[in-house]
Amino acid sequence: MKPAAFSYYRAHDVADAVGLLGELAAAGQEPKLIAGGQSLIPMMNFRLARPTVLVDLGPLRRDPAMSSIRRDGSQLRIGALSTHRAVETSGRTLGTEFDVISRAMRWVGHLPIRSRGTVAGSIVHGDATAEWCLLALLLDAVIVAEGPNGKREIPAAEMFYGFYATAVEPDEVVVEVRFTRPAPRAALTEFARRHGDFATVDAAVALDAADGNRLTGGRVVLGGVAPAPVRVPEAEAVLAGGVPGPDLFDECADAAAAAIDPPDDAAGTSAYRRRLTRTLVVQALHEAWERGVAR
């Protein structure tokens, strides 16, 4: 199929993009921002999305801040228009504290998609299985959005509302994503019918280790089991004070599978997604711990 008819504008900078969004909405239009277009264009081709106007953020790549990837103390700051591929190849900048991000990029589509798709585009799109959405929850991301009233910060815990719905307002442009929780023992894994397809279920975990072989806590984040990516406190509670190993990881995975109520759909039944969740959580926990030990 082909997309429904639309008009096209190019924004020169963030202020111009924000102004265009407001002017077009006031004129009764339904504008939509486009950056990499790797999610929006397919939805338009299937007419699942029908914006009347596209506002292209491509020229904003000239602003170094919009495509930068840099450390700021214990935080990682990524410009909104940074591509998946740029992050994937920035392991030295990410360091051991955030290398789970670069490792997770292998799950994002195929190379052409990773070379054009953007970090902010994926997060704002709000797909419940998107790797960036899980990473945002795992690493306490803060999404910085600029609108007519200036900049505001949206914690990842308040970002995702449901199916493709996020806290970013229609007249706002995301300019940066900050990751504030270093995680040297972390992993993300997923299952899809074919590599590069949308994940049926994905799981991201981080382990917090004290001196010796005992955990002080951890994070467990799941995608594909609810309308939005979710943390699983029941599974995280199992990790606190536990000794890492197969027994603890199995118990944590059992708790994660028991805590969710995944949907039935064409990709699998609810029971299937629970079994898949358990398998993926165990895999992610072992990978996260082994990477920490190897260092």
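Every value quoted in this text rests on a predicted model; they were computed, and no experiment measured them. (Residues numbered from 1 in each chain as written. Predicted model: local features only at pLDDT ≥ 70, side-chain atom pairs only at ≥ 80, totals over all residues. Heavy atoms only, no water.)

(A) Representation of the pairing of strand 12 (residues 201-209). In terms of residue burial, strand 12 counts as a mostly covered element, since 7 of its 9 residues are buried. In this structure, strand 11 (residues 186-191) lies alongside strand 12, joined through 6 bridges in antiparallel fashion. Counted as the bridge partner of Ala186 is Ala206 from strand 12. Where strand 12 meets strand 13 (residues 215-223), 8 bridges bridge the pair, whose relative direction is antiparallel. Residue pairing for strand 13: Ala204 is matched across the bridge by Val221. (Buried < 20%, exposed > 50% of the residue type's maximum accessible area, 1.4 Å probe, protein only. Helix = DSSP H or I, 4+ residues; strand = E, 2+ residues; numbered from the N terminus. Pairing = 2+ DSSP bridges.)

(B) Quick look at the packing of helix 4 (residues 91-104) against helix 7 (residues 131-138). Interaxial distance between helix 4 and helix 7 falls to 10 Å at its minimum, and their mutual angle equals 170 degrees. Between helix 4 and helix 7, the crossing angle belongs to the class labelled roughly antiparallel. Where helix 4 abuts helix 7, its residues Val100, Ile101 and Ala104 lie against Glu131, Trp132 and Leu135. Looking at side-chain class alone, the contact of helix 4 with helix 7 contains 5 nonpolar, no polar and 1 charged residues. (Axes fitted to C-alpha atoms, helices over the stretch in contact; angles between N-to-C directions. Parallel < 35°, antiparallel > 145°, perpendicular 65-115°, else oblique. Contact = heavy atoms within 4.5 Å. Nonpolar A, V, L, I, M, F, W, Y, C, P; charged D, E, K, R; others polar.)

(C) Molecular detail of the layout of surface pockets. Here the second largest pocket is characterised by a volume of approximately 190 Å³. Together, 13 residues line the second largest pocket, and Ala65, Met66, Lys151, Val175 and Glu176 are the ones closest to its centre. Elements that contribute at least two residues to the lining of the second largest pocket include exactly strand 6 (141-147), strand 7 (150-155) and strand 10 (173-179). Considering only residue class, the lining of the second largest pocket consists of 5 nonpolar, 1 polar and 7 charged. (1 Å grid on protein atoms, 1.4 Å probe; cavity = no way out; pocket = protein on both sides within 12 Å on 5 of 7 lines; lining within 4 Å. Points joined across faces, edges and corners; volume = space filled by probe spheres on them.)

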